[in-house]
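Survey of secondary and tertiary structure
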Amino acid sequence: MTEQSGRRERKKAATRQKIADTAMRLFLERGYDAVGIRDVAAEADVAVTTVFAHFASKEALVFERDQDFQQRLTRSVTDRAPQEPLIAALHREVQALVRHCTAEGSAPVRRMIEGSPALQEYEESMSLRHAEALAGALAADPLLSRSATACKATARFAIDAYSLACRADDPGATVDEVFRMIEAAWEATAP
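Residues numbered from 1 in each chain as written. Predicted model: local features only at pLDDT ≥ 70, side-chain atom pairs only at ≥ 80, totals over all residues. Heavy atoms only, no water.

1. Description of the overall build of the protein
Under the convention used in this document: Helix and strand definitions here come from DSSP, where helices need a minimum of 4 consecutive H or I residues and strands a minimum of 2 consecutive E residues; each element is numbered from the N-terminal end. Each residue is placed in one exposure class: buried if its accessible area under a 1.4 Å probe, protein chains only, is under 20% of its type's maximum, exposed if it is over 50%, and partly exposed if it falls in between. The contact criterion used is simple: two residues touch if any of their non-hydrogen atoms lie within 4.5 Å. The method behind every accessible area is Shrake-Rupley, applied with a 1.4 Å probe, and residues are considered shielded solely by the protein chains displayed. We count Lys and Arg on the positive side and Asp and Glu on the negative side, and we leave His and both chain ends out. For the purpose of locating charges, the reference atoms are NZ of Lys, CZ of Arg, CG of Asp and CD of Glu.
Within the protein one finds ten helices and zero strands. The N-to-C order of helical and strand elements in the protein reads α-α-α-α-α-α-α-α-α-α. Overall, the C-alpha framework of the protein stretches about 55 × 45 × 25 Å when taken along its three principal axes. The buried share of the protein, reckoned over its 191 residues, is 42%. Considering only contacts within the protein whose residues lie at least 6 apart along the sequence, 69% involve residues at least 24 apart. Total accessible area on the protein stands at roughly 10,900 Å², and carbon and sulfur atoms take up 53% of it. Within the protein, one finds 25 positive and 29 negative side-chain charges whose respective centroids are separated by 6 Å.

Okay, here's the thing in structure tokens:
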């Protein structure tokens with residue numbers, strides 16, 4: 001039974017990735033607004049209902065790594081080594097995420113997002129969800145002992161560091177600069 005459910009999960013993941021890859025290719029070839037869910041489904045050779053079984057909206061197709069992004073951020077808090085400082089762990093993870101968003105070939109996707117009000121709105125709501133999840137991870141760590149406000153502000157600043165860096169001329173330096181401010185603010189809130 002486990003082998004069968006493992007195979008089923010792999011097949012679902014492969015279908016999800018095929019849909020996401022097909023959608024991105026079509027969006028970049030034809031333009032985001034010119035492509036509908038039916039177009040994606042037809043090109044990926046799946047039913048429209050299958051697309052919606054994997055993605056809640058057309059915008060979600062562009063941000064298909066949304067859940068992975070959020071998990072990576074929260075794990076940088078929850079799974080860090082016992083003696084590793086929080087801000088260093090979070091800084092390292094945001095740097096890694098920024099390297100992904102600024103990798104070769106990512107510029108057309110960024111231009112597509114910035115050219116679409118719907119995608120910009122979705123990205124902002126996604127950022128708020130990520131900040132909320134990260135703030136929850138910070139608040140849940142008994143060793144951090146910071147107020148809810150400090151946790152929420154730190155989480156939001158970390159998400160903003162990512163957003164600013166993805167649009168900056170020098171992404172790494174931007175993350176470093178913002179995290180110097182985050183670290184100073186975090187230390188200032190110590191009990």
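2. Regarding the packing of aromatic side chains
Using the following cut-off: Put simply, two rings from Phe, Tyr or Trp (the six-membered ring, in Trp's case) pair if the centres are within 6.5 Å, and we call them stacked under 30 degrees between planes, edge-to-face over 60, tilted for the rest. Only when the NZ of Lys or the CZ of Arg is both within 6 Å of the ring centre and within 35 degrees of the ring normal is a charge said to sit over the ring.
Considering all chains together, one arrives at three aromatic pairs under this definition. Aromatic side chains F69 and Y162 sit 4.7 Å apart centroid to centroid with 65° between the ring planes, which places their arrangement in the edge-to-face category. In this pair, F69 is assigned in helix α5 (residues 66-78) and Y162 in helix α9 (residues 148-166), connecting sequence segments 93 residues apart. Pair check on accessibility: F69 and Y162 agree, each one buried. The ring of Y32 carries the charged tip of K58 above its face, separated from the ring centre by 4.2 Å.

3. Remarks on unusual backbone geometry
The phi dihedral of D45 is positive, around 60°, even though this residue is not glycine. One can find D45 in the loop between α2 (37-44) and α3 (48-54). Even without a glycine there, the phi angle at S145 is positive, about 40°. Within the secondary structure, S145 sits in the loop between α8 (117-140) and α9.

4. Re the nonpolar core
Heads up, the condition is: Here the nonpolar core consists of buried residues drawn from Ala, Val, Leu, Ile, Met, Phe, Trp, Tyr and Cys, with membership extended through side-chain atoms lying within 4.5 Å.
With 29 residues, the main nonpolar core has L73, L86, V94, L134, L138, Y162 and F179 as its most contacted residues. Those elements giving two or more residues to this core turn out to be α5, α6 (86-101), α8, α9 and α10 (171-188). It is α9 that contributes the most residues to this core, eight residues altogether. If we ignore the near neighbours within four places in the chain, the residues touching V94 are L73, A158, A161, Y162, V175 and F179. Among the nonpolar cores identified, the runner-up in size contains 24 residues, and I19, M24, I37 and A44 belong to it.

5. A short note on helix α7 (residues 107-114)
The following threshold applies: This arc describes the spread of directions from the helix axis toward the C-beta atoms.
Among all positions of α7, only V109, R110, M112 and I113 are buried. The buried residues of α7 occupy one face: seen down the axis, they fall within an arc of 160°.

6. A word on the packing of α5 against α8
For the record, the criterion: As a rule, the C-alpha atoms of each element are fitted with a line to give its axis, helices using only the stretch in contact, and angles between N-to-C directions run from 0 to 180 degrees. Under this scheme an angle from 65 to 115 degrees is roughly perpendicular, one under 35 degrees roughly parallel, and one over 145 degrees roughly antiparallel; angles in between are oblique. For any pair of crossing helices, the crossing counts as left-handed if the nearer helix is rotated counterclockwise from the farther one by less than a right angle, and right-handed if it is rotated clockwise. As a working rule, the residues Ala, Val, Leu, Ile, Met, Phe, Trp, Tyr, Cys and Pro are called nonpolar, Asp, Glu, Lys and Arg charged, and the rest polar, with Gly in that last group.
Interhelical geometry of α5 versus α8 gives an angle of 25° and a closest axis separation of 9 Å. In terms of orientation, α5 lies roughly parallel with respect to α8. Remark: the crossing between α5 and α8 carries right-handed chirality. On α8, the residues touching D66, Q67, F69, Q70, L73, T74, V77 and T78 of α5 are Y122, M126, R129, H130, A133, L134, A137 and L138. Of the residues in the contact of α5 with α8, the class split is nine nonpolar, five polar and two charged.

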